[in-house]
Amino acid sequence: MEIAADRRRKVLDALSQMRDGMLSEDVILRAVCETGRDTDRDTMRDDLMFLQSRHCVAIEKLPRVGGELWLARLTDDGLRAAQGALIVSGVARRTVG
């Protein structure tokens, strides 16, 4: 559970670094893997669905050859969680360091 919570925190961090708060699942996957958290598309989609259920992201599904492309947009609650101003169960808290 702690690994998943940390991975979800990395998703919010990646989104919060974008001016419009939006990234494709492919870019999020790459960003999370670059932080040392190995993951795959199915796990990333599970994390995005989890974060959507907690009102941290909104997911838009676009058609593409072979399936869908998911776009994730950070919500106000997601931004507050990324900044450490909101505690979300299942998402690691920002640590001061």
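As shown above, the structure is provided for reference.
Residues numbered from 1 in each chain as written. Predicted model: local features only at pLDDT ≥ 70, side-chain atom pairs only at ≥ 80, totals over all residues. Heavy atoms only, no water.

1. Structural notes on the pattern of salt bridges
Using the criterion set out here, one finds eleven salt bridges in the structure. R41 is the salt-bridge partner of D26, the closest N and O atoms lying 2.8 Å from each other. Residue D26 is located in helix α2 (residues 25-34), and its partner R41 is located in helix α3 (residues 41-53); the two are separated by 15 residues in the primary sequence. Of the charged contacts, one joins R64 and D26 as a salt bridge, the two residues approaching to 3.2 Å between their closest N and O atoms. One end of the pair, R64, is in strand β2 (residues 57-64); the other, D26, is in helix α2, and 38 residues separate them in sequence. Relative accessible area serves as the criterion here: at 33%, R64 is assigned to the partly exposed category. In this structure, a network of salt bridges that share partners links the residues E25, D26, R41, R45 and R64. (Salt bridge = Lys/Arg side-chain N within 4 Å of Asp/Glu carboxyl O. Helix = DSSP H or I, 4+ residues; strand = E, 2+ residues; numbered from the N terminus. Buried < 20%, exposed > 50% of the residue type's maximum accessible area, 1.4 Å probe, protein only.)

2. A closer look at the sheet that holds β2
Taken in spatial order, the three strands of this open sheet run β1-β3-β2, and their pairing is antiparallel. Of all strands in the sheet, those bounded by a partner on one side alone are β1 (22-24) and β2. In this sheet, adjacent strand axes meet at a mean angle of 25 degrees when their direction is disregarded. Of the strand pairs in this sheet, β1 and strand β3 (residues 67-74) are connected by three bridges, and their pairing is antiparallel. Pairing of M22 across the sheet is with R73, part of β3. Along the sheet face, helix α1 (residues 2-16) touches β1, β2 and β3 and points at about 75 degrees away from the line of β3. (Pairing = 2+ DSSP bridges. Axes fitted to C-alpha atoms, helices over the stretch in contact; angles between N-to-C directions. Contact = heavy atoms within 4.5 Å.)

3. What about the packing of α1 against α3?
Following both chains from N to C, one finds α1 and α3 inclined at 75 degrees, their axes separated by 10 Å at the closest point. Looking at the two axes, α1 sits roughly perpendicular to α3. The segment α1 lies against α3, with R7, R8, V11 and L12 engaging T43, M44, D47, L48, F50 and L51. Of the residues that constitute the contact of α1 with α3, the class distribution is six nonpolar, one polar and three charged. (Parallel < 35°, antiparallel > 145°, perpendicular 65-115°, else oblique. Nonpolar A, V, L, I, M, F, W, Y, C, P; charged D, E, K, R; others polar.)

4. Details of the packing of aromatic side chains
In this structure the tally under the stated criterion is zero aromatic pairs. One residue, R8, lies across the ring of F50, its end atom 3.7 Å from the ring centre. (Phe/Tyr/Trp six-rings, centres within 6.5 Å; stacked < 30°, edge-to-face > 60°. Lys NZ or Arg CZ within 6 Å of the ring centre and 35° of its normal.)

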